[in-house]
Amino acid sequence: MDELIRHMGVVTGVNGELAHVMITQTSACSACKARSMCMSSESQAKEMDAIMLEPMKAGDQVEVEVRERLAWKAVLLAYIMPFFVMLGIIVALDFLTPWPEAVVGTLSLCGIALYYIVLSFFKGRLQKQFTFTARKV
């Protein structure tokens, strides 16, 4: 069975079968005793939509879940694939043809931008795959 990633949150609003949930995302070192001396301890509030598994209202404490498999797919699409796009363009232009480094670097960054533009065309399909669910605590 797929493992679930869970975060605690608060419902800020309800729209049909979706709950707007505010979660506080903390870095791994936010619980460290030396966090006041360190600049890397941070937390951010994130708002997301989640499918309600039971009726909810604003102010309810909820647990938001997503399948771990989907989290890995998101990492693949957002970070790993663009890296390989950039690497492929660099290899093709720098090693196979005599292009100046500035041109190769510029074209590889343009390739990444093009990758994200193409990915944005699939936003609707991806949003259907990446679903969060919420249940009351």
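Structure: see above.
Keep in mind it's a predicted model, so treat the numbers as computed, not measured.

Caption draft 1: Highlighting the packing of helix H1 (residues 68-95) against helix H2 (residues 101-121). Here H1 crosses H2 at 145 degrees, and the two axes come no closer than 9 Å. As H1 packs across H2, the resulting crossing turns out to be right-handed. Contact with H1, carried on its side by Leu 77, Ala 78, Met 81, Pro 82, Val 85, Met 86, Ile 89, Ile 90, Leu 93 and Asp 94, involves Val 104, Leu 107, Ser 108, Gly 111, Ile 112, Tyr 115, Tyr 116 and Leu 119 of H2 and no other residues of that element. Of the residues belonging to the contact of H1 with H2, the class tally is 15 nonpolar, two polar and one charged.

Caption draft 2: The arrangement of the side chain of Asp 60 in detail. Relative to the helices and strands, Asp 60 resides in the loop between strand S3 (43-52) and strand S4 (61-67). A relative accessible area of 11% means that Asp 60 is categorised as buried. Separated by 2.9 Å, the side chain of Asp 60 and the backbone nitrogen of Lys 57 make a polar contact. Not counting chain neighbours up to four residues away, the residues in contact with Asp 60 comprise Gly 9, Val 10, Val 11 and Lys 136.

Caption draft 3: Quick look at the pairing of S4. The pairing of strand S1 (residues 4-15) with S4 spans seven bridges and is classified as antiparallel. Among the inter-strand pairings, Val 10 is bridged to a residue of S4, identified as Gln 61. Sheet analysis places S4 next to strand S5 (residues 133-136), joined by four bridges and oriented antiparallel. The residue of S5 that forms the bridge with Glu 65 is Thr 133.

Caption draft 4: Structural view of a nonpolar patch on the surface. Judged by side-chain polarity, Leu 76, Tyr 79, Ile 80, Met 81, Phe 83, Phe 84, Leu 87, Val 91, Phe 95 and Leu 96 come together as a nonpolar surface patch covering roughly 1000 Å² of accessible area. In this fold, Leu 96 is placed in the loop between H1 and H2.

Caption draft 5: Inspection of H1 at higher detail. Across its 28 residues, H1 extends 38 Å between first and last C-alpha, which sits within 8% of the 40 Å expected from 1.5 Å per residue. Of all the bends in H1, the greatest, near 40 degrees, is centred on Leu 76. All of the buried residues along H1 are Leu 70, Leu 77, Pro 82 and Leu 93. Packed against the buried residues of H1 are S4, H2 and helix H3 (123-129).

Caption draft 6: Quick look at the nonpolar core. In this structure, Val 11, Ala 19, Val 21, Ile 23, Met 48, Ala 50, Met 52, Met 56, Val 62, Val 64 and Ala 134 together form the largest nonpolar core, which totals 11 residues. Taken together, the elements giving at least two residues each to this core come down to strand S2 (18-26), S3 and S4. Ala 50 has contacts with Glu 17, Leu 18, Ala 19, Val 21, Val 64, Phe 132, Thr 133 and Ala 134, leaving out every residue within four places of it along the chain.

Calculation criteria
Residues numbered from 1 in each chain as written. Predicted model: local features only at pLDDT ≥ 70, side-chain atom pairs only at ≥ 80, totals over all residues. Heavy atoms only, no water. Axes fitted to C-alpha atoms, helices over the stretch in contact; angles between N-to-C directions. Helix = DSSP H or I, 4+ residues; strand = E, 2+ residues; numbered from the N terminus. Left-handed = near helix turned anticlockwise from the far one by under 90°. Contact = heavy atoms within 4.5 Å. Nonpolar A, V, L, I, M, F, W, Y, C, P; charged D, E, K, R; others polar. Buried < 20%, exposed > 50% of the residue type's maximum accessible area, 1.4 Å probe, protein only. Polar contact = N/O pair within 3.5 Å; in protein donor to acceptor, adjacent residues only side chain to side chain. Pairing = 2+ DSSP bridges. Patch = residues over 30% accessible without salt bridge, like charges linked within 9 Å, V, L, I, M, F, W, Y side chains within 5 Å. Areas by Shrake-Rupley, 256 points an atom, 1.4 Å probe, with all protein chains shown as cover. Salt bridge = Lys/Arg side-chain N within 4 Å of Asp/Glu carboxyl O. Expected span 1.5 Å × (residues − 1). Bend = angle between axes of the 7 residues up to and from the residue. Core = buried A, V, L, I, M, F, W, Y, C linked by side-chain atoms within 4.5 Å.

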